[in-house]
Amino acid sequence: MPPDASPVAAPVRPRRRAVLPAVSLALICAVTTTLFLLTREKTGADAIGAAADRLYDQSATAVEVTYADPDGESISGKFTLDDELNATGTITDPVAGAADLVEYTAYSAVRGDADWWSRRNPDQAGALRKKWATPSADPFPVELTGNFDPGSLAHLLTQVRDHGTVIPVEDPFRGRRVAGMTWNGWSVLVTTESPQTLVWLGGPITRSGPIKPVSWARPQAGPRSATPTAFHPTSAYAGGPHPARYALAPVAVPQPPYVSVTVNDAPDGAAQSVQRAVAKVLPEAARSGGLPAPEEPPVEGSVLPKLPHFESTVNATNCTTPTCRWTVTVTNTGTAAGRASVVATVSPGMPTRTISIGTLQPGESRTTAPMTFANPAPRVAGRTTQVPVDYTADIFSPDLAGASAAVINRLRSRGIEIPNASILNNGDEVQKAIAYRALDVMSGRAGFRPGKVLAAVENAFRQNAVPELQTLTQSGRLENPQDLAEKLSQLDFEIDPDPTAPQPDKGRIGFRREVQVAVTTLRADPRARVLLDGVKAVGGRRYRVDLLVERAVSGRTETEAFQIKTVSSDKLNANLRTALRQLNGRNPAASSTGVAEHAPPGSRRIALIYLEPAAGWIQAADRAGLERKLTGSGRSSLLADWCVDGTAQADEVLIVNQLGTHRWSKEQMNALLDVSGQCV
């Protein structure tokens, strides 16, 4: 510009152009900031509250529930529930047995297979299988529609938010970051990312807890009430002359039942699908939705198989003559014709005789020909002597697969006779046949105690373990049936004390899981032979593990040695370490046998860990979550017990939780624990 030139003002338009981008930038920043506020994570009570609000807006939820009672009851189920108290799903027993379930308010119906019914109503299992029926007892130990529908879960989260305590959760749950809180013994996990979502909850079934068991008793069969709330399943603590099946003892117990629940979003349209499915089975649900009502499912107790059933009457009086006479009258009180024989004994006086009665029609009675025996009272001149005698008459029918005369006689010769008041007499002839076969097998080797064998079989019936009893004693592939009495006498779940603390006596540790694994193995592999917590002699030494499985493969025998742990605490690593030491004989010998737990040479060593609901959220964790637990703060201690003198202490590690069985080979464990150096 020349020195004398006047300055020229800047054009207005370019200045406006400079301002507009600035304004636009400011607007963009404002919008970006607003979006950031909407999508940021929430933690603690804020996350719990947001998850509760979301549940209040949902019409359906999908849950997977695992229930475990240390006394021996274990059951799981997958259910979808709407916000109108409808539910559908499947109930699964641990070894065998499953049932479909539909539920509407107080009404429910189940369609179970024979194994499922055999635990609940063995007399009618065959007649009920695969048919919808109204159960005479609540099919699941905790109430479903009153606990796990969207509104109930939202209410629970609100209580946790208002009264609970934040718990630190560093690890993701199934790949999602979560926040946790605890209240009244229960813990909940919700995702921190928006929308905050409930993914897991778990805790004990206690008097003050938010989730209560249902009452075991239901009303007598008959016309359904127009007001279902009159007999809606209630807390097991409800008053009554008889304690509910799932009620806790009135005094403190070592560990109450626990529940682990995984929560998922139900698919679109789930509520309508659930309502339609329930309305097809339950007339009450159909009428509430204005739909045509189906025929009422029959009540469980009304579905009776047509079978013969025999009752016997001993016809005998005091005998004062040198020869005594007596007869037996047999009556068919069943609903079908059947063949019968009497197995008769007088003690002292007459050895066992088997007398055929022939075929009896329903309602027909027939009496044996007179049976005679010499009067056992001693003759003393001028005196009247008396001798008490026992008349026994058992009925055998090939049409009922009942106990054979030979089995009955064999058991009597061993001092085993089922008392009239025994629980073994409460079932039908098929169930009695299972009991007699078990008694026969368990007393077939030297060293048995008649009273202990009988008590063990009675306990198996009492604790609904008939399918397990049948498999163990009828497969012919249990190597040590003489040891079964001890296991069946303790069918609760294994106590899970801190492995570093003094351990309870062997007699106070339950064997339910060991029995279940043995039964599952026998059912899955017809070639397998099992030794259940028995002693195996190899090369002049004695070895013992929880379960030894032998299989014939291509002309050779392959052996698997299992050490089984039930974990109902946060001591996963400690229990795995104990199993590794036991597999390799690095624990002291048992005082009862003098044999240290040790896998036989040449066997495949397997550490099998069951995570129970009381273990917390890890009971529902995925493989990644389990690996984080194994490699966390306890990694160094686990590594010290995993690799000893350059040798891996197991060939495989199995961990079972709600998602199924997770497997790690020896090589995978070496990599997971970042083993340096040789570990073969």
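Just above sits the structure.
We now turn to the structure provided with this report. (Residues numbered from 1 in each chain as written. Predicted model: local features only at pLDDT ≥ 70, side-chain atom pairs only at ≥ 80, totals over all residues. Heavy atoms only, no water.)

### Some points on the sheet that holds strand β2 (residues 74-82)
1) Next: Strand order in the open sheet made by the 10 strands is β5-β4-β3-β2-β1-β10-β9-β8-β7-β6, with antiparallel pairing throughout. Looking at the sheet topology across the chains shown, the edges are occupied by β5 (107-112) and β6 (165-167). Direction aside, the axes of adjacent strands within the sheet are offset by 20 degrees on average. (Pairing = 2+ DSSP bridges. Helix = DSSP H or I, 4+ residues; strand = E, 2+ residues; numbered from the N terminus. Axes fitted to C-alpha atoms, helices over the stretch in contact; angles between N-to-C directions.)

### Re unusual backbone geometry
1) Next: Cis geometry is adopted by the peptide bond preceding P195, which originates at S194 and carries an omega value of -5 degrees.
2) Next: Summarising the element assignment, P195 is placed in the loop between β8 (186-191) and β9 (198-204).
3) Next: The amide bond that connects S347 to the next residue, P348, takes the cis arrangement and shows omega of -5 degrees.
4) Next: One can find P348 in the loop between β13 (338-347) and β14 (350-360).

### Some remarks on the state of the cysteines
In protein structure, a disulfide is the covalent linkage between the sulfur atoms of two cysteines.
1) Next: Scanning the entire structure with this criterion turns up 2 disulfides.
2) Next: Across the disulfide from C319 sits C324; the S-S distance is 2.1 Å. With the S-S bond torsion at -95 degrees, the cross-link from C319 to C324 turns out left-handed.
3) Next: On the basis of relative accessible area, C319 is assigned to the partly exposed category, the value being 25%.
4) Next: A relative accessible area of 2% means that C324 is categorised as buried. (Disulfide = S-S within 2.5 Å. Buried < 20%, exposed > 50% of the residue type's maximum accessible area, 1.4 Å probe, protein only.)

### Focus: the packing of aromatic side chains
1) Next: By the definition in use, this model includes 5 aromatic pairs.
2) Next: Between F79 and F140 the ring centres are 5.3 Å apart and the planes differ by 80 degrees, which places this aromatic pair in the edge-to-face class. Here F79, found in strand β2, pairs with F140, found in the loop between α4 (125-128) and α5 (150-163); they are 61 residues apart in sequence, far enough to count as distant. Residue F79 shares its accessibility class with F140, and that shared class is buried. (Phe/Tyr/Trp six-rings, centres within 6.5 Å; stacked < 30°, edge-to-face > 60°.)

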